[in-house]
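Per-entry structural report
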Amino acid sequence: MKVLIVDDREDNRLILETKVRAAGYGAATAENGTEALARLRRERFDLVVTDLMMPGMDGFQLTHDIRADPELRNLPVLVYTATYTDPEDEALVRSLGASGFLVKPAGDEEFFAAVRAALAEARERPAEGRAPSPDELHYLRQYNERLVRKLEDKVEDYEAAQRSLRELNASLERRVEEATRELRRANEDLEAFSYSVSHDLRAPLRGIQGFVGAVLADDPPLSEAERRGFLRRAEAMAARGQALIEDLLRYARLKSTELPLEPVALADVFAMAFEQVDPALCAAGNVTAGRLAAVVRGHQATLVQVVQNLLTNALKFRRPGERARVEVNEEAREGRVRLLVRDHGIGIAPQFHARIFQVFERLHSAKAYAGTGVGLAIVARAMEKMGGRVGMESEEGAGSTFWIELPEA
Ligand code: ADP
């Protein structure tokens, strides 16, 4: 037995040809209907296995032309298709006289069962004994319909692909915009940061240079007490430089480290933070806490640092000659929890409320109130990294309330 395989794709032809030969049949191939018809008119075949969608002459036309050719009309045709798989497609090829219809890809067993069935069908119902095939016009109309349907399907696929491409594009654009905005903000941050670093770190260095230079020059000559006094001040300035650098490192590190979030009890955070406040400051005031029962989502060690900074400030910025009074409370707010640290200290004038959260922003000299100006910057960055918020209310001369807010765990 000899089979003609008609398919426009080379890999399909090769696979089928190998399959057919392995089963012990003879096989030849053609790329489309036109080539197949020419070959069928030259050579004898026992079966045609044809694809439907092919450039040039397709499988519908090939089946139709075989049935219309007096020499070929009894040749069995098995349609083997991956594109036209609707029942209407099968009905049309059957009405054109195909002896079998099989959907690609089929396993060996299924394929040869279809081959045997097509051969048997052609034997049992030779074309001569069949009802006359539908008239040409009817066939053409149906054929057209099938083609138009396919075309519509393709257009729909294409439109859907275009739609999702457009959506993808829009979301990409959005993401690029967001990333650019973030980058710009990071850049501005960096600029402000390097300005204050160079400015504030230079101050102690300049001081050290001045005092040490005066001691070395000894002109006018210094008394022993003056010399020691200058060197002590140089030493104090070195210590201040060191403190600045340490705080800055803490602040910078906060940016690059991951803060895994976990449930954290505010009562624990407060207890640990309070323990870490400078004992001399604690001795200068009273800290009382209301009932702290909330559990928030945060990073415990970072939260302890945040609360320690707030407690330190609340105790530190007291009115001269007064003991500090600090109250700590929590407040539930629609799925979030606020921790408030309230003092009755010197307060902050409204125009400074935003500024104090930036690095090195201080409203007083180091002499009046010790500090580096990094504490609140750490608080703000830490809260942002934990997905929380920070804020404050204050009245100059009457005290301040700083708060942080995190999602409830
Ligand atoms: P530092 O305390 O080291 O100066 P911070 O960043 O913690 O730095 O605070 C920045 C500035 O904000 C302080 O120098 C102070 O002027 C002001 N400030 C912070 N907390 C308070 C407070 N509780 N009361 C009054 N002023 C405050």
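Structure: above.
A quick note: this is a predicted structure, and the numbers were derived from the prediction, not measured.

Read across the open sheet, the 5 strands follow the order 2-1-3-4-5; overall the sheet is parallel. The sheet is open, and its two edges are formed by strand 2 (26–30) and strand 5 (100–103), each paired on a single side. For this sheet, the mean angle separating the axes of adjacent strands, direction not counted, is 20 degrees. Pairing of strand 4 (residues 77–81) with strand 5 involves 4 bridges; the strand directions are parallel.

Now for the layout of surface pockets. Computed from the structure, the largest pocket encloses a volume of approximately 900 Å³. Lining of the largest pocket is provided by 28 residues; of these, D189, Y251, K255, V359 and R381 occupy positions nearest its centre. Of all elements in the fold, only helix 6 (136–217), helix 7 (224–256), helix 11 (375–385) and strand 11 (389–395) reach the threshold of two or more residues within the lining of the largest pocket. Looking at the lining of the largest pocket element by element, the count peaks at 11 residues for helix 6. By residue class, the composition of the lining of the largest pocket is 14 nonpolar, 4 polar and 10 charged. Quantified by volume, the second largest pocket comes out at close to 780 Å³. Among the secondary structure elements, those contributing two or more residues to the lining of the second largest pocket are helix 7, helix 10 (300–316), helix 11 and strand 12 (399–407).

A grouping of L165, L168 and L172 is seen on the molecular surface, where their side chains present a nonpolar patch of about 290 Å² in accessible area. Mapping L172 onto the fold places it in helix 6. Among the residues examined, L172 registers a relative accessible area of 39% and is labelled partly exposed.

By the secondary structure assignment, E178 is in helix 6. It is 53 Å that separates the C-alpha atoms of E178 and N32, two residues lying 146 residues apart in sequence.

Let us look at the site of the ligand. Around the ligand lies a shell of 21 residues, among which N313, D343, R362, G373 and L376 are the nearest. At a separation of 2.8 Å, an oxygen atom of the ligand approaches a polar side-chain atom of N313. T372 is positioned with one of its backbone polar atoms (N or O) 2.9 Å from an oxygen atom of the ligand. Alone, the ligand offers 530 Å² of accessible surface; in the complex the protein occludes 98% of this. Judged by the fraction of its atoms near the pocket grid, the ligand is located in the second largest pocket.

Moving on, we get to the nonpolar core. L303, L310, L311, V328, F402 and I404 are the most contacted members of the largest nonpolar core, which has 49 residues in total. Elements with a contribution of two residues or more to this core: helix 6, helix 7, helix 8 (266–276), helix 10, strand 9 (324–333), strand 10 (336–343), helix 11 and strand 12. Top element by residues in this core is helix 10. It accounts for 8 residues. Apart from residues no more than four positions distant in its own chain, L303 is found in contact with V264, V269, V296, G298, M386, I404 and L406.

The rules behind these values
- Residues numbered from 1 in each chain as written.
- Predicted model: local features only at pLDDT ≥ 70, side-chain atom pairs only at ≥ 80, totals over all residues.
- Heavy atoms only, no water.
- Pairing = 2+ DSSP bridges.
- Helix = DSSP H or I, 4+ residues; strand = E, 2+ residues; numbered from the N terminus.
- Axes fitted to C-alpha atoms, helices over the stretch in contact; angles between N-to-C directions.
- 1 Å grid on protein atoms, 1.4 Å probe; cavity = no way out; pocket = protein on both sides within 12 Å on 5 of 7 lines; lining within 4 Å.
- Points joined across faces, edges and corners; volume = space filled by probe spheres on them.
- Nonpolar A, V, L, I, M, F, W, Y, C, P; charged D, E, K, R; others polar.
- Patch = residues over 30% accessible without salt bridge, like charges linked within 9 Å, V, L, I, M, F, W, Y side chains within 5 Å.
- Areas by Shrake-Rupley, 256 points an atom, 1.4 Å probe, with all protein chains shown as cover.
- Salt bridge = Lys/Arg side-chain N within 4 Å of Asp/Glu carboxyl O.
- Buried < 20%, exposed > 50% of the residue type's maximum accessible area, 1.4 Å probe, protein only.
- Near = heavy atom within 4 Å.
- Polar contact = N/O pair within 3.5 Å; in protein donor to acceptor, adjacent residues only side chain to side chain.
- Sits in = over half its atoms within 2 Å of the grid points.
- Core = buried A, V, L, I, M, F, W, Y, C linked by side-chain atoms within 4.5 Å.
- Contact = heavy atoms within 4.5 Å.

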